[in-house]
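# Summary of the model geometry
One letter stands for each residue in the lines below.
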Amino acid sequence: MSHPYEIHEHDVLVVGAGGAGLRAAIEALTRGASVGVVCKSLLGKAHTVMAEGGIAAAMANVDPADDWRTHFRDTMRGGKYLNNWRMAQIHAQEAPDRVRELEQWGALFDRTADGDILQRAFGGHTFKRLCHVGDRTGLEMIRTLQDRGVQMGFHVYMECAVTRLLKDGGRVCGAVGYWREQGRFVVFRAKSVVLATGGIGKAWKITSNSWEYTGDGMSLAYDAGAELLDMEFVQFHPTGMVWPPGVQGLLVTEAVRGEGGVLRNRLGERFMERYDPEKLDLSTRDVVARAIYTEVREGRGTEHGGAYLDISQKPADYVKRKLPSMYHQFLELADVDITKGPMEVGPTCHYMMGGVRVDAETAETTVPGLYAAGEVAAGLHGSNRLGGNSLSDLLVFGRRAGLAAAEHADRAPAGSPDETQIEEATREMLAFFERPEGDSPYAVHRDLTETMQSLVGIFRDEEDLERGLTKIRELQERAGRVRVEGSRLFNPGWHLARDLKAMLTVSEAVARSALARKESRGAHSRTDFPKSDPEWGRKNLVVSRRGNAMELAERPVPEPPPELKALMESQ
Amino acid sequence: MSRDAGQGARDMAKEAVLRVFRGTADGGKLAEYRVPIAPGMVVLDALHHIQGYFAPDLAVRWNCKAGKCGSCSAEVNGRPRLTCKTRMDSLPLDRPVIVTPMKAFPVIRDLVTDVSWNYEVNRKIPPFSPRPGTDWKMSQADIDRVQEFRKCIECFLCQNVCHVLRDHGKKAEFGGPRFFVRVAALEMHPLDGVSRTKLLKEELGLGYCNITKCCTEVCPEDIHITDNAIIPLKERVVDDFYDPVAKLFRKVFGRK
């Protein structure tokens, strides 16, 4: 007998209410599907809200020479050619329409003198390409999508977490979850499920990510039999706050450099001249993050172990208008007036390039009926994502996932899960309360973040990764024995106990993939294999589940057609 | 933020005492915790320390811890604040720091309140509806004021502090400052083509607001809610309902 649960039924169930989830839901509604959106937080609080710098789209409003081809080429180069070329092509071609659509739904971007959407420079982009609203572009995007979806009539299950996908034979037919507020269980029946749950940053100690980023979608997909791709590629954003301790890791937008901010070390040197003399401060994130890390390690860091980032040479009014959140963030949290002096910054875990392997056209995973879009999915960014390509990714592939999920729901018969799956899922959640003793989930989480930070960080080697994997296995043991105090009523300890399992699955996939890739490429830097290896440049790594064991396999990187290959190699 | 109090606190205290509301809709009490102080620490850090070491089931709503999502609203020493932006060294630490849930909303547990009413209000507001034939050109000067409204992070502190809601509980008749800001953003969008004054007057109860500016004072995004949103909306309602000449003029020439 399973524990009591309520049942809801939709054609399409979207898990996650950030940019990708909301855009998927809107598209599925447009196609006439009934849509449920499940989110761990209140609507409008998803991680997209923290995106600052802008949406990359070759609108050519500021630099008329820009077009999708250049955007495509920049994206492939940034990803060191491990990207799925077709995703990069679709993304570059469709992003401008997705931005215009947001504007038609009420978003208000900053303007050019001609009254068009203004675009700013960003790392790795040849042209000024990022459509933005000061430094709060994500907020503008999520509010616009949220209001659109509410008006169109999606059903939102707020503060509800999905713990398991339900299957009927080989295909997905719904999900089990629980209301965070009351702790009651919920079963969703759906013909299609779209995962839009974001990344895994909370497994690292220094991170720009919110608590929600616990790898849920990747872990759910993995458990349901889907493949995870490129898991070794974790982006460390070069500029997070380093002081005071409570805000360590908090994002300092790349727009600071896009607007003219300059990096210097303790000696006042513009050290980027040594790492990328051409692009300097606007080099790609992997390069800048490693540069700052190296400066600090070699003794040229600032007082609190970072680099200086200075925009104070610009007029104070300009800084306050273009970077209002940064101005307030430093003034209120660090007592630093960025119009007068430099910020101290250092690398922070920011984004997961890897994730669920999907079809470029439809965002369908390797499990029928299961789709994934946004950070939870992989392929578009290859081994390193360019700033601004995330928000456009959410819109372009969120829409495609919603479209394909609705079409699938149209033709697929309703599946039904056997009761055992539901029973297992609810029993697993209740087991935490039944142990007379055990670790605190907070203690296990602290140890995980220390492990990932020190052993699976920016620079990696075989010894560290082996130790990391051993630690992860120990932590999996401990996580299986954590004990939760209190009741099921809005109990964060309980929520964390469940999120830990997802974080550990994904952490293991990251460490295993990082150990296997014996080269350095993009965000993956092996000190024992410091060079890129053309052989590895032809292979993606894929993780999947066999029984209870994690299996790693190599897949050839999809070969682009000759005309796109020529484009990639052109100057 | 008072830096004098801050300096004193840093010199004196290596730890702070917090009294945090623990309980449900059926009642509760303040529980006391001692938390070590670190430089630059905010109240939300202290609450996380309590969760991590003393009370793993302490219910706190939060997401970004960066002042961008508006989830961690509570009352610190009786003042509605985002706990992620309230520095411990801005508070007098020679006495306990009292942290309680927002008063205007029903408590679910500890510091977490039921804010679902806000989402109900939001649904009543007609969406952005572009005027037919627009070329989507807008000048920055024309959208500056609307962008101010769109900074709102929906922390609901303005709703919490508004006496119409907090003291008089008029949730059925009144939309509250947050949604006047939202309506203002739509009404003043240079390309929007519908009027929401009837909604403001009849369903959102704009007339109840007697412009005491409490909402403006607590807004963590420094939106001038009363001056820039509510008063201009009140003028529009007056124009539409009590000034037939102005209404006719607008019908002929447009307003936006």
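A quick note: this is a predicted structure, and the numbers were derived from the prediction, not measured.

## Here's the deal with the overall build of chain A
Helices and strands together make up the secondary structure of chain A, namely 16 helices and 21 strands. Over its C-alpha atoms chain A spans a radius of gyration of 22 Å, differing by no more than 12% from the 25 Å that the globule rule assigns to 571 residues. In terms of principal-axis extent, the alpha carbons of chain A reach across some 70 × 50 × 50 Å. Counting all 571 residues of chain A, 63% fall into the buried class. Looking at chain A alone, contacts between residues at least 24 apart form 75% of all its contacts between residues at least 6 apart.

## Let's talk about the overall build of chain B
For chain B, the count of helices and strands is 11 helices and 7 strands. Each principal axis of the C-alpha atoms in chain B carries an extent, and together these give about 65 × 40 × 30 Å. The buried share of chain B, taken over its 256 residues, is 47%. Contacts in chain B between residues far apart in sequence, at least 24 positions, make up 66% of those at least 6 positions apart.

## Overview of the sheet that holds strand S4 (residues 119-120) of chain A
Residue and element names in this part refer to chain A. If you walk across this open sheet you meet the 3 strands as S3-S5-S4, and the pairing is antiparallel. Of all the strands in the sheet, just strand S3 (55-56) and S4 have a single pairing partner and so form its edges. Across 2 bridges, the pairing between S3 and strand S5 (residues 130-131) is antiparallel. The residue bridging Ile55 from the neighbouring strand is Cys131, located in S5.

## Quick word on the interface of chain A and chain B
On the side of chain B, 45 residues touch chain A, which itself brings 47 residues to the contact. Among the secondary structure elements, those contributing two or more residues to the side of chain A that touches chain B are helix H3 (85-104), helix H4 (137-152), helix H10 (324-334), helix H13 (441-455) and helix H15 (492-516) of chain A. The element contributing the most residues to the side of chain A that touches chain B is H4(A), with 6 residues. Classifying every residue of the side of chain A that touches chain B by side-chain character gives 21 nonpolar, 13 polar and 13 charged.

## As for the sheet that holds strand S14 (residues 343-352) of chain A
Picture the strands of a sheet paired through backbone hydrogen bonds; they go either parallel or antiparallel. Residue and element names in this part refer to chain A. Taken together, the 4 strands give an open sheet; going across it, the order is S11-S14-S13-S12, and neighbouring strands pair in antiparallel fashion. Edge strands, defined here as strands with exactly one partner in the open sheet, are strand S11 (234-241) and strand S12 (262-264). Taking each pair of neighbouring strands and ignoring which way they run, the sheet shows an average axis angle of 45 degrees. Here S12 runs beside strand S13 (residues 307-310); their pairing, made up of 3 bridges, is antiparallel. Considered in S13, the bridge of Arg264 is made with Tyr308. Here helix H8 (residues 285-297) sits on the sheet and contacts S11, S13 and S14; the angle it forms with S11, its principal contact strand, is near 60 degrees.

## A look at the environment of A:Lys518
All names here are of chain A. Tracing the sequence through the fold places Lys518 in the loop between H15 and strand S19 (525-526). It is 8.3 Å that separates the C-alpha atoms of Lys518 and Asp533, two residues lying 15 residues apart in sequence. With residues up to four places along the chain from it excluded, the contact list for Lys518 reads Arg526 and Phe529.

## Some details on unusual backbone geometry
Residue A:Pro244 is reached from A:Trp243 by a cis peptide bond, and omega for that bond is -5 degrees. The residue A:Pro244 is located in the loop between S11 and helix H6 (255-258) in this model. At B:Asp110, a position not held by glycine, the phi torsion is positive, near 50 degrees. Residue placement: B:Asp110 occurs in the loop between strand S6 (107-109) and strand S7 (112-113). Judged by the 28 C-beta atoms lying within 10 Å of it, B:Asp110 is buried.

## Focus: the confidence of the model for chain B
In regions of low pLDDT, the predicted coordinates are not meant to be interpreted in detail. Residues and elements named next belong to chain B. Confidence in the prediction of chain B, expressed as mean pLDDT, is 92, and 93% of residues score 70 or more. Scored below 50 in pLDDT, residues 1-12 makes 15 contacts in the model with residues more than four places away or belonging to other chains. Across the whole predicted complex the pTM is 0.96, and at the interface the ipTM reaches 0.95.

## So, the packing of helix H7 (residues 177-187) of chain B against helix H10 (residues 225-242) of chain B
All names here are of chain B. Where H7 contacts H10, the two axes come as close as 9 Å, and the packing angle between them is 70 degrees. By the angle class used here, H7 and H10 are roughly perpendicular. Here the hand of the crossing between H7 and H10 comes out left-handed. Residues Pro177, Phe180, Val181, Val183, Ala184 and Glu187 of H7 lie in contact with H10, whose contacting residues are Ile225, Ala229, Ile230, Pro232, Leu233 and Arg236.

## Comments concerning the packing of helix H1 (residues 19-30) of chain A against helix H11 (residues 389-411) of chain A
Helix-helix packing is described using two parameters, namely the angle between the two axes and the distance between the axes. Residues and elements named next belong to chain A. Here H1 crosses H11 at 35 degrees, and the two axes come no closer than 7 Å. Crossing geometry of H1 relative to H11 is assigned as right-handed. Together, Gly19, Ala20, Gly21, Arg23, Ala24, Ala25, Ile26, Glu27 and Ala28 of H1 and Leu391, Leu394, Leu395, Phe397, Gly398, Arg399, Ala401, Gly402, Leu403, Ala405 and Ala406 of H11 make up the contact between the two elements. The residue inventory of the contact of H1 with H11, partitioned by class, reads 13 nonpolar, 4 polar and 3 charged.

## Side note on helix H4 (residues 140-149) of chain B
B:Ile143, B:Glu148 and B:Phe149 are the residues of H4(B) that are buried. The secondary structure elements touched by the buried residues of H4(B) are H7 and H10 of chain B.

## Focus: the nonpolar core
By size, the foremost hydrophobic cluster in this structure holds 260 residues, and its most contacted members are A:Val12, A:Val194, A:Leu195, A:Val356, A:Ala372 and A:Ala373. It is H15(A) that provides the largest number of residues to this core, a total of 13 residues.

## Observations regarding helix H5 (residues 216-223) of chain A
All names here are of chain A. Within H5, 7 of the 8 residues are buried, which leaves it mostly tucked inside the rest of the structure. Listed as buried for H5 are Asp216, Gly217, Met218, Ser219, Leu220, Ala221 and Tyr222. Backbone geometry just after H5 places Gly225 at a positive phi near 100 degrees.

## So, the environment of A:Thr527
All names here are of chain A. On the secondary structure map, Thr527 appears in the loop between S19 and strand S20 (539-546). Since 12 C-beta atoms lie within 10 Å of it, Thr527 is described here as exposed. Once the C-alpha coordinates of Thr527 and Ala409 are considered, the two residues, 118 residues apart in sequence, prove to be 48 Å apart. Sequence-distant contacts of Thr527, that is, excluding residues within four places in its chain, are made with Phe459 and Asp461.

## Regarding the pairing of strand S21 (residues 549-556) of chain A
Residue and element names in this part refer to chain A. Buried residues are scarce in S21, accounting for 0 of its 8 residues. Bridging between S20 and S21 involves 8 bridges; their strand directions are antiparallel. Opposite Arg546, over in S21, you have Ala549 as the bridge partner. Hairpin remark: S20 followed by S21, antiparallel, with 2 residues in the connecting loop; positive phi at Gly547, about 60 degrees.

About the thresholds
Residues numbered from 1 in each chain as written. Chains lettered and ligands numbered in written order. Predicted model: local features only at pLDDT ≥ 70, side-chain atom pairs only at ≥ 80, totals over all residues. Helix = DSSP H or I, 4+ residues; strand = E, 2+ residues; numbered from the N terminus. Rg over C-alpha atoms; globule rule 2.2 N^0.38 Å. Buried ≥ 20, exposed ≤ 12 C-beta atoms within 10 Å, placed from the backbone. Contact = placed C-beta atoms within 7 Å. Pairing = 2+ DSSP bridges. Nonpolar A, V, L, I, M, F, W, Y, C, P; charged D, E, K, R; others polar. Axes fitted to C-alpha atoms, helices over the stretch in contact; angles between N-to-C directions. pLDDT = per-residue confidence, 0-100. Parallel < 35°, antiparallel > 145°, perpendicular 65-115°, else oblique. Left-handed = near helix turned anticlockwise from the far one by under 90°. Core = buried A, V, L, I, M, F, W, Y, C linked by C-beta atoms within 7 Å.

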